[in-house]
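Chain residues, written in single-letter form:
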Amino acid sequence: MTTLRTSTAIPQALSTAALQLDYLSCDEIATRSPAWWHNVLGVVGFEKRPLIDGARVPVTASMTPSLGTDDNLCEVWRVAGPTLPLSNGTARQSRVHYRFCEDLLFGSITLEERALEAENLRAGGAGDSVALLRATELAYQEIFAVLRRTKHRHLVRIWNYLPEINREADGDERYRLFNSARQLAFRNSGRATVGTVPAACALGSPPGSPISIYFLAARQQPRMIENPRQTSAYYYPVKFGRHSPIFSRACLLSESAGTNLFVSGTASIVGHETIHPGDVGAQTHETLANIDALLNEANRVVGLARYSLDGLKFKVYVRQPSDLSAIEAVLSKSLPASTPIVYLHADVCREDLLVEIEATGESSGPTD
Ligand code: 3EB
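The rules behind each value
- Per chain, residue numbering runs from 1 following the sequence as it is written.
- Residues qualify for local features only when their pLDDT is at least 70, as the model is predicted, and side-chain atom pairs are given and counted only at 80 or more; totals for whole chains, interfaces and linings, by contrast, use all residues.
- Hydrogens and water are ignored here; the side-chain numbers use all heavy atoms of the structure.
- pLDDT measures how confident the predictor is about each residue, on a scale from 0 to 100.
- The criterion used for residue contact is that any of the two residues' heavy atoms lie within 4.5 Å.
- Strand pairing is assigned whenever DSSP identifies at least 2 bridges connecting the two strands.
- Numbering of helices and strands runs from the N terminus, with a helix taken as a DSSP run of H or I at least four residues long and a strand as a DSSP run of E at least two residues long.
- Axes here mean lines fitted to C-alpha atoms, for a helix over just the part in contact, with angles spanning 0 to 180 degrees between N-to-C directions.
- Residues grouped as a nonpolar core are buried Ala, Val, Leu, Ile, Met, Phe, Trp, Tyr and Cys residues, joined through side-chain atoms within 4.5 Å.
- Three exposure classes are used, based on accessible area relative to the maximum for each residue type with a 1.4 Å probe and protein chains only: buried under 20%, partly exposed in between, and exposed over 50%.
- We define a salt bridge as a side-chain nitrogen of Lys or Arg found within 4 Å of a carboxyl oxygen belonging to Asp or Glu.
- The near set for a molecule or strand comprises every residue that places at least one heavy atom within 4 Å of it.
- Each polar contact in these results corresponds to two N or O atoms within 3.5 Å; when the atoms are within protein, one needs to be able to donate a hydrogen and the other to accept it, and residues that are neighboring in sequence are counted only if both atoms are side-chain atoms.
- Here the accessible surface of atoms and residues is derived via Shrake-Rupley with a 1.4 Å probe, and residues count as covered only by protein chains that are part of the display.
- Every crossover in which the path from the first strand over the helix to the second runs clockwise, viewed with the strands pointing away from the viewer, is termed right-handed.

**Student:** Sorry if this is basic, but what is going on with the confidence of the model for the protein chain here?
**Tutor:** Caution is warranted with low-pLDDT regions, since their predicted coordinates should not be read in detail. Here the protein chain averages 91 in pLDDT, while 92% of its residues score no lower than 70. Here residues 1-14 is modelled with pLDDT under 50, and outside its nearest four sequence neighbours on either side it reaches 17 contacts, counting other chains as well.

Listed below in structure tokens is the structure:
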């Protein structure tokens, strides 16, 4: 077990790990040295789980294929800094795989609804919705149990991928069922359901995919950022579902070096309404306006012009592959030329949303 720092003399930014995000090809990372792997917290394949041999690193997949490239891309989370080495864990009686340093923890869990459906059938049968509700509740329970054990209590960012997110099950959309179970799990573990909740995204994967959830957690409480242009998701009106989604618009690990801004999945929503239905170009512009508003809000909260589009990496979820070029055209005009952007094919959690964009970043301006 690591010990907590007691000294306050060292500025936190110098004493904490620097988190690093890269989008790399799976072939490329297979050739990296053991020293490089030593610092890897976790790897997420997009299309499928990368075949990585011998690495003691959680490896998972979102099951959302990349678009516009033949590279088999994956997302790699690494740390550098004085808090190494990393520790591993696969909790007993838990499906969560995780790896951590003193300040930060990466974890992932995948669950097959089919396995739970089989249990339901043996128990006398239950509707289509029960397995999803149960799987979501179990996944969050197991995640919260790990965070209690390792004392990385604070969820910073969580990525949720569920098959057929917009399909109806027992008269309710699967995304709304997911929201109900997620909210229940937060409540049952005594966690806040408004305010200090993690940044997140929730996307749809192809039929037959497992539920795949991965996350970053921290010992320190992050700062949550809301978007002045949008209703907080946890206050959405009931017409979007009986139980609100539990996420904040962005999260800031303000004392950390490296990657410390996590912008949630962001879409063409103003207030709580979808705007520009059917117009993917306008939706992309509106989404960028929302991300811009979040960057301004983050700068207002820290009191410095620290964040801009310059320090960000983007993942763009595209509902219809035929919209890719229209989305790319808007982004190439609006983002700095060197910006890393990954395009992924996924269903967005409202039927009328054609695009959703997440951003993860570092400070690009003054830090003090
Ligand atoms: C929205 O703003 C679009 O349910 O975790 C974005 C980010 C969205 C996270 C979630 C949903 C989630 O409501 C959808």
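Moving on, there is more to tell.
**Student:** Is there a simple way to explain the sheet that holds strand S2 (residues 40-45) in this structure?
**Tutor:** Each strand in a sheet pairs with another by means of backbone hydrogen bonds, the pair being arranged parallel or else antiparallel. The 4 strands lie next to each other as S1-S4-S2-S3, forming an open sheet whose pairing is mixed. If you trace the sheet from one side to the other, it starts and ends with strand S1 (18-25) and strand S3 (59-61), each paired once. With direction set aside, neighbouring strand axes in the sheet form an average angle of 20°. Relative to strand S4 (residues 73-80), S2 is paired through 5 bridges, and the arrangement is antiparallel. Of the residues in S4, the one forming a bridge with valine 44 is glutamate 75.

**Student:** Honestly, the nonpolar core in this entry has me stumped. Any pointers?
**Tutor:** One broad trend across soluble globular proteins is that nonpolar side chains are buried collectively. Ranked by size, the top nonpolar core spans 45 residues in total, and within it Leu105, Tyr140, Ile143, Ile158, Ile213 and Phe215 carry the most contacts. Sorting elements by how many residues they give to this core places helix H5 (residues 128-150) first, with 10 residues. Sequence-distant contacts of phenylalanine 215, defined by excluding residues within four places in its chain, comprise Val96, Leu105, Phe106, Gly107, Ser108, Ile143, Leu147, Leu155, Arg157, Ile158 and Trp159. Ranked by size, the runner-up nonpolar core spans 31 residues in total, among them Leu19, Leu216, Cys251 and Val342.

**Student:** Please clarify how the pattern of salt bridges should be interpreted in this entry.
**Tutor:** Oppositely charged side chains may form a pair once their charged atoms are brought near each other. This model, assessed by the stated rule, comprises 15 salt bridges. In this structure, arginine 300 and glutamate 297 form a salt bridge, with 2.8 Å as the shortest nitrogen-oxygen distance. Here the residue arginine 300 and the residue glutamate 297 both occupy positions in helix H7 (residues 280-302), the gap between them amounting to 3 residues, near one helical turn. Exposure remark for arginine 300: the relative accessible area of 58% places this residue in the exposed category. For the salt bridge of glutamate 358 with lysine 315, the shortest nitrogen-to-oxygen distance reads 3.4 Å. One end of the pair, glutamate 358, is in strand S21 (residues 355-361); the other, lysine 315, is in strand S18 (residues 312-318), with 43 residues separating them in the sequence.

**Student:** Would you take a moment to explain the sheet that holds strand S19 (residues 341-345) for this structure?
**Tutor:** Reading across from one edge, S13-S14-S15-S21-S18-S19 is the order of the 6 strands in this open sheet, with mixed pairing throughout. The outermost strands of the open sheet, each flanked by one partner alone, are strand S13 (223-225) and S19. Averaged over all pairs of adjacent strands, the angle between strand axes in this sheet comes to 15°, irrespective of strand direction. In this structure, strand S15 (residues 261-266) lies alongside S21, joined through 4 bridges in antiparallel fashion. Among the inter-strand pairings, valine 263 is bridged to a residue of S21, identified as alanine 359. Across the face of the sheet, H7 comes into contact with S13, strand S14 (250-252), S15, S18 and S21 while running at roughly 150° to S15. Along the sheet, helix H8 (residues 324-334) contacts S18, S19 and S21; its crossing angle with S19, the most-contacted strand, is approximately 155°.

**Student:** Looking at this structure, how should I read unusual backbone geometry?
**Tutor:** Apart from glycine, the bulk of residues carry a negative phi angle, and the bulk of peptide bonds sit in the trans form. In the Ramachandran plot, glutamate 164 falls in the positive-phi region, its phi being about 50° despite a non-glycine side chain. For glutamate 164, a relative accessible area of 25% corresponds to the partly exposed category. Backbone geometry places histidine 276, a non-glycine residue, at a positive phi of 60°. Along the polypeptide, histidine 276 turns up in the loop between strand S17 (273-274) and H7.

**Student:** I keep staring at the site of the ligand and nothing clicks. Help me out?
**Tutor:** Taken together, 13 residues are adjacent to the ligand, and Tyr175, Arg182, Tyr236, Arg249 and Cys349 come closest. Between the ligand and arginine 182, the relevant distance is 2.7 Å, taken from an oxygen atom to a side-chain nitrogen or oxygen of the residue. Side-chain polar atom of tyrosine 236 to an oxygen atom of the ligand: 2.7 Å apart, as the coordinates give it. Relative to its unbound accessible surface of 360 Å², the ligand loses 99% to contact with the protein. Mapped onto the shell around the ligand, the elements with two or more residues apiece are helix H6 (174-188) and strand S11 (199-205). No other element matches the 3 residues that S11 contributes to the shell around the ligand.

**Student:** Would you mind going over the environment of threonine 90 with me for this structure?
**Tutor:** Tracing the backbone shows threonine 90 in strand S5 (residues 87-90). With 17 residues separating them in the primary sequence, threonine 90 and glycine 107 have C-alpha atoms 9.5 Å apart. Setting aside residues up to four positions removed in sequence, threonine 90 forms contacts with Val96, His97 and Tyr98.

**Student:** Can you walk me through the pairing of S19 in this structure?
**Tutor:** Side-chain direction in a regular strand flips from residue to residue, so the side chains alternate between the two faces of the sheet. Relative to S19, S18 is paired through 5 bridges, and the arrangement is parallel. Across the sheet, residue valine 318 finds its bridge partner in S19, namely histidine 345. In this fold, S18 hands off to H8, which returns the chain to S19; that crossover is right-handed.

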